[in-house]
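Next come the chains, spelled out residue by residue.
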Amino acid sequence: MAARKGDHVFNNVVAKLTKAFDAGLRAYFSEATRKIDPADRASLSRGAPAVRQQWMARHMPRTLTALSGFKESPELVGIREGLQTVTFEGGDVNGPAYSGHAQEFEEATLAFFRKLALTGSYLDENTLLPDIAQVRRAFQHMAEAAEDPGALERLLEQHKGDPRELARVQAEIEQVRGSLRWAWARCEQLYRMATNELLRL
């Protein structure tokens, strides 16, 4: 099997968030019977993610921007891609602890969106704050448990012969680690934005 580049763990965390958020939207569209046109409900709840993204562009533009920030943040995307290892030797980021926290995050997201679907109006927005806090905690636990066994060692091994390059790589590693530590704040902003926009439909 040909060697290929292995993703830095932050990319995996972003993928988990995107997957959980899309699953939550599908649940929302299935249950928010009073706010979604019946003609749209089937395609939004069962169609491709692109269908939901187009709907978000029309009805949830600020949420879509916040979600895109995780994947396309200018200050991080270049660094994340640059920190990929040259070869991927079989280390799996989805270890038991990480997988368990990822599952808890998805369950918290689904619970949030189902409650959001049943919330009457923006006047009840504060009732969702405990659910958003639960999502944020689950995301933080998932990010803290993310690990690609051996990837860091392989990355540093590539640059051990060049002290200046090694120092640059170590600084970029710490920058991405810092982003993982504080990504929960962006996560909370994302779910607050979704609450705000969906309750004002």
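Structure: see above.
Residues take numbers from 1 onward in each chain, read along the sequence in its written order. Only residues with pLDDT of at least 70 are given local features in this predicted model, and only at 80 or more are side-chain atom pairs given and counted; all residues enter the totals for whole chains, interfaces and linings. In computing side-chain values, all of the structure's heavy atoms are included and hydrogens and water are not.

A. Region of the structure containing the packing of aromatic side chains. Between rings of Phe, Tyr and Trp, where Trp is taken as its six-membered ring, a pair exists when centres lie within 6.5 Å; planes separated by under 30 degrees are stacked, by over 60 edge-to-face, and by other angles tilted. All told, the structure shown has eight aromatic pairs when counted by the stated rule. Ring geometry for F21 versus Y191: centroids 5.4 Å apart, planes at 75°, classification edge-to-face. Highlighted residues: F21 in helix α1 (residues 9-31) and Y191 in helix α9 (residues 163-198), separated in sequence by 170 residues. Following the ring pairs from residue to residue traces out a cluster consisting of F21, F112, F113 and Y191. Numbering of helices and strands starts at the N terminus; helices are DSSP runs of H or I of at least 4 residues and strands are runs of E of at least 2.

B. A look at the nonpolar core. Buried Ala, Val, Leu, Ile, Met, Phe, Trp, Tyr and Cys residues form a nonpolar core when they are joined through side-chain atoms within 4.5 Å. Under the scheme applied here, a residue whose accessible area is under 20% of the maximum for its type counts as buried, over 50% as exposed, and between as partly exposed, the area being computed with a 1.4 Å probe on protein chains only. Grouped together as the largest cluster of nonpolar side chains are 44 residues, with contacts concentrated most on F21, Y28, F105, F113, F139 and Y191. Looking at this core, the elements that each hand over two or more residues are α1, α3 (49-59), α4 (61-72), α6 (96-118), α7 (129-145) and α9. Counting residues per element, this core draws most heavily on α1, at nine residues. Contact criterion: two residues are considered in contact whenever any of their non-hydrogen atoms come within 4.5 Å of each other. With near-sequence residues (within four places) excluded, Y191 lies in contact with F21, F105, T109, F112, F113, I132 and V135.

C. Highlighting the packing of α7 against α9. Between α7 and α9, whose axes approach to 9 Å, the crossing angle comes to 150°. As far as their axial angle goes, α9 and α7 are roughly antiparallel. For the crossing formed where α7 meets α9, the hand is right-handed. Residues L129, I132, V135, R136, F139, Q140 and A143 of α7 lie in contact with α9, whose contacting residues are L180, A183, W184, C187, E188, Y191, R192 and T195. Lys, Arg, Asp and Glu make up the charged group, whereas Ala, Val, Leu, Ile, Met, Phe, Trp, Tyr, Cys and Pro make up the nonpolar group; the residues left over, Gly among them, are polar. Taken together, the residues of the contact of α7 with α9 break down into 10 nonpolar, two polar and three charged. Orientation is described by axes fitted as lines to C-alpha atoms, over the contacting stretch for helices, and by angles from 0 to 180 degrees between their N-to-C directions. Each angle gets one of four labels, with under 35 degrees taken as roughly parallel, over 145 as roughly antiparallel, 65 to 115 as roughly perpendicular, and the rest as oblique. By definition, turning the near helix anticlockwise from the far helix through less than a right angle yields a left-handed crossing, and turning it clockwise yields a right-handed one.

D. The packing of α3 against α4, seen in detail. In contact at an axis separation of 6 Å, α3 and α4 are set at 125° when each is read in the N-to-C sense. Taken as axis vectors, α3 and α4 run oblique relative to one another. On α4, the residues touching Q53, M56, A57, R58 and H59 of α3 are P61, T63, L64 and L67. Of the residues assigned to the contact of α3 with α4, the class counts are five nonpolar, three polar and one charged.

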